[in-house]
Amino acid sequence: MPLSSREADLLNVTPIRRALVPGLAALALVLTACGSDDSDGNGNGGTGDGNGLDTSVTGEVIVDGSSTVYPMTSTAGQLMKAEGSSIEVSVGESGTGGGFEKFCVGDTDISDASRPIKDDEEVPVCEENGIEFTELLVATDALTVAVHPDLAVDCLTVDELVALFGPKSTATNWQDINPDFPDEKITGFIPGTDSGTYDYMAADVVGDESETLRNDFESSEDDNVLVQGISGTEGAVGFFGYSYYEENADTLKAVAIDSGAGCVEPSAETAQDGTYTPLARPLFIYVNNKSYTEEPAVAEFTDYYIANLADIAEGALFIPLNDEDYAATQEALAGISG
Amino acid sequence: MSTATTTARAVTTSTIATGKSKDRNLASLIFLGVLWFSLFFGVVVLLALIIDTAIEGSGRFDHYLFTDYEKSIAHEQAQKFSELRGIPVEDLSNHFTGFRGGILGSLWLMITTALLAIPLGIAAATYLEEFADSSTWYNRMIEVNLQNLAAVPSIIYGMLAAAIMGLMGFQFKGIVIGGAIALALLILPVVIITTREALRAVPQDIRQGSLALGATVWQTTRRQTLPSAIPGIATGTILGLSRAIGEAAPLIMVGLAAVQWDPTGFTSKVEALPMQIFRMASSPQEAVQEAASAGIIVLLAMILGMNAIAIIIRNKFQRSW
């Protein structure tokens, strides 16, 4: 059901949202239908289907949080500005934890996060300060395990990942991991302990109680350093966000991951259809409900962000959500003012 | 110190020129070689870094670098959006990313930092040098702490500034005044120490002459000592500011965030050039990394420009007694 851009403008979310509180589900359905109409298959909220931007809204939006999600939110702000909006969006990158610290005392309107908010540590702070929030899934990142291009390792099982990166690992030769692997020394390059990427690998993939990885691998907060290290060292292995692999695919080799259902290569498709487990990780933004309902600029920015989510994700080299997840995100957004 | 330097140089020159001195034995030649190597090592590494960076960023020395804000949309996607949404590709693509936010932000931060740090620093140094009784325990403690403060890691000043902004009741701390407080605290010890050096270099004769003519200590300081010390104070202050302009860590700590707008006042949200470079250099996108290299050269030019101003001021006002 293609809408003309004029109709889409009339459908501008702001007035509709207030008028149709009981009909929110219907609105979500309408938007979802528009999204799935896209011919390129992964284009939820795809290019050109009336983004409903109201350029008369002015104000400030303060965003802070994960440096992984930073490119997404920054791109959203840039795209909105290029389309003529004068809303001032400032995007910080204090890290997911640092972002929540500010978010839960009400300093920021939106918090970027590369992991869900912690129920035991962060949610109570928000509650104490009366901050109600809504979690919105915005994109998927396929954490990519990459090796030196000449290394004859093409696929790793989850157990092998644990043996490779786990805190108890003593493997120094690829044959220690699996006798079929080549007789080569392992050199590791992994993200620094402050990064959400490290946390995700430690907590959700390796899953050791200590939530750490082995500490004899080289680490850097700059993923470009990891890329250089892996592509320049025989037998090297490491991991980082998919965009770093995508941009350096000619000097690295991505390893497929076997979580029990065969080897799956990291790609936009496998991350979207859910087969690239457990390394496909969700990226979120958290919206302060009060800011959203009381500050038109925050509402306008968030609506624009979600309405153009696929374009923003592609522009920032992330993997857009599949239609199902996108519908859920839209529903969650519609629920804020409900 | 300057006498010693002259002598050593004179001896070395004459040794090489005449070739007759007994100094020209093997040991002295080796020592000279070591000195030359040390000099070259520093200069060559620095030059290699600068040239490498300049080459890497050479494709980006265009006007977009100065007139445009950060853009991080991958070029192919930007072209697609541009066609479909009717927005010029220059407004979207990372091939046209710029440092306008960072350059203007850094300029605002430097001016505000100077306004905060210079009066405070000069006043503190004048007190310590001209009025304070350095035999009292509290003045000695202040002096020791000043020396220590100059060696404190810069990120600590960021935390301090964030705390001050919190006490002042600012909810969002990433504004001009917040960053400037952090940078002013950072360079304050440098400004105080260099101002004291400059005041100390003013001959006692001038003070005593003024006092003998009936001027009070305050009048002497204001009309004689401070004006005589201006070249030294200005040089030290500007060198302090050129340290501040290259700092990213304390600013990130205060909470400065990426902006797409020009700062308009002391409470505007800003970001600084080094922060933008730091962020862009770790981007996966090659075009953004290239722009970061160009940004480094811009920052370098700004720092060299400030140092040049310091040298000009010094040469213009320098007096000998």
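This is a predicted model, so every value here is computed, not measured.

(A) Region of the structure containing the packing of helix H5 (residues 100-131) of chain B against helix H8 (residues 176-200) of chain B. All names here are of chain B. Between H5 and H8, whose axes approach to 6 Å, the crossing angle comes to 35°. In the packing of H5 onto H8, the handedness of the crossing is right-handed. In the contact of H5 with H8, the residues fall into 21 nonpolar, six polar and four charged.

(B) Structural view of the packing of aromatic side chains. For the coordinates displayed, the defined rule picks out 14 aromatic pairs over all chains. Their ring planes at 80° and their centres at 4.9 Å tell us that phenylalanine 100 of chain A and tyrosine 286 of chain A sit as a pair that is edge-to-face. Residue phenylalanine 100 of chain A is found in helix H5 (residues 96-103), and its partner tyrosine 286 of chain A is found in strand S13 (residues 280-288); the two are separated by 186 residues along the sequence. Across this residue pair, the class does not change: phenylalanine 100 of chain A and tyrosine 286 of chain A are buried. Linked through ring pairs, Phe100, Phe103, Phe133, Phe284 and Tyr286 of chain A together constitute an aromatic cluster. The ring centre of tryptophan 261 of chain B lies 4.8 Å from the NZ or CZ of lysine 81 of chain A, which sits over that ring. It is arginine 85 of chain B that lies over the ring of phenylalanine 81 of chain B; its NZ or CZ is 5.7 Å from the centre.

(C) How the structure looks around the domain arrangement of chain A. Residue and element names in this part refer to chain A. When its domains are assigned, chain A resolves into domain 1 (5-141 + 281-336) and domain 2 (144-265). Contacts between the two partners involve six residues from domain 1, matched on the other side by eight residues from domain 2. In terms of surface lost to domain 2, no three residues of domain 1 exceed Asp141, Arg281 and Leu317, which account for 69% of the buried area on that side. One can count zero salt bridges joining domain 1 with domain 2. Summed over the shared surface of domain 1 and domain 2, the result is two residue pairs in polar contact (both at pLDDT 80 or more).

(D) Local environment of the interface of chain B and chain A. The interface of chain B with chain A comprises 32 residues on the first partner and 38 residues on the second. Taking both partners together, chain B and chain A bury about 3000 Å²; carbon and sulfur atoms supply 52% of that area. Contact with chain A buries area across many residues of chain B, yet Arg85, Trp261 and Pro284 of chain B alone supply 25% of it, more than any other trio. Summed over the shared surface of chain B and chain A, the number is six salt bridges. In this structure, aspartate 107 of chain A and lysine 173 of chain B form a salt bridge, with 3.8 Å as the shortest nitrogen-oxygen distance.

(E) Representation of the state of the cysteines in the model. All names here are of chain A. With the rule as written, the count across this model stands at two disulfides over all chains. Across a sulfur-sulfur distance of 2.0 Å, cysteine 104 and cysteine 126 are joined as a disulfide pair. Between cysteine 104 and cysteine 126, the disulfide has an S-S torsion of -75° and is therefore left-handed. One end of the pair, cysteine 104, is in the loop between H5 and strand S3 (110-113); the other, cysteine 126, is in helix H6 (residues 122-128), and 22 residues separate them in sequence. Taken individually, cysteine 104 and cysteine 126 each receive the classification buried, so the pair is uniform in this respect. Paired by a disulfide, cysteine 155 and cysteine 263 hold their sulfur atoms 1.9 Å apart.

(F) Examining a negative patch on the surface more closely. A cluster of like negative charges, contributed by Asp194, Asp199, Asp204, Glu211 and Glu221 of chain A, occupies part of the molecular surface. Residue aspartate 194 of chain A is classed as exposed on the basis of its relative accessible area, which comes to 69%.

(G) Quick peek at the pattern of salt bridges. Evaluation of the coordinates by the stated rule reveals 22 salt bridges over all chains. Residues aspartate 311 of chain A and arginine 85 of chain B are paired through a salt bridge, measuring 2.7 Å at the closest nitrogen-oxygen approach. Linking aspartate 311 of chain A in helix H15 (residues 309-315) with arginine 85 of chain B in helix H4 (residues 75-85), this pair reaches from one chain into another. Considered together, aspartate 311 of chain A and arginine 85 of chain B belong to a single accessibility category, that of buried residues. Of the charged contacts, one joins arginine 279 of chain B and glutamate 271 of chain B as a salt bridge, the two residues approaching to 3.0 Å between their closest N and O atoms. Take arginine 279 of chain B and glutamate 271 of chain B: they sit in the same class, and that class is buried.

What counts and how
- Residues numbered from 1 in each chain as written.
- Chains lettered and ligands numbered in written order.
- Predicted model: local features only at pLDDT ≥ 70, side-chain atom pairs only at ≥ 80, totals over all residues.
- Heavy atoms only, no water.
- Axes fitted to C-alpha atoms, helices over the stretch in contact; angles between N-to-C directions.
- Helix = DSSP H or I, 4+ residues; strand = E, 2+ residues; numbered from the N terminus.
- Left-handed = near helix turned anticlockwise from the far one by under 90°.
- Nonpolar A, V, L, I, M, F, W, Y, C, P; charged D, E, K, R; others polar.
- Phe/Tyr/Trp six-rings, centres within 6.5 Å; stacked < 30°, edge-to-face > 60°.
- Buried < 20%, exposed > 50% of the residue type's maximum accessible area, 1.4 Å probe, protein only.
- Lys NZ or Arg CZ within 6 Å of the ring centre and 35° of its normal.
- Domains from an automatic or database assignment.
- Contact = heavy atoms within 4.5 Å.
- Buried area = accessible area lost by both parts, 1.4 Å probe.
- Salt bridge = Lys/Arg side-chain N within 4 Å of Asp/Glu carboxyl O.
- Polar contact = N/O pair within 3.5 Å; in protein donor to acceptor, adjacent residues only side chain to side chain.
- Disulfide = S-S within 2.5 Å.
- Patch = residues over 30% accessible without salt bridge, like charges linked within 9 Å, V, L, I, M, F, W, Y side chains within 5 Å.
- Areas by Shrake-Rupley, 256 points an atom, 1.4 Å probe, with all protein chains shown as cover.
- Lys, Arg positive; Asp, Glu negative; His and termini not counted.
- Charge placed at Lys NZ, Arg CZ, Asp CG, Glu CD.

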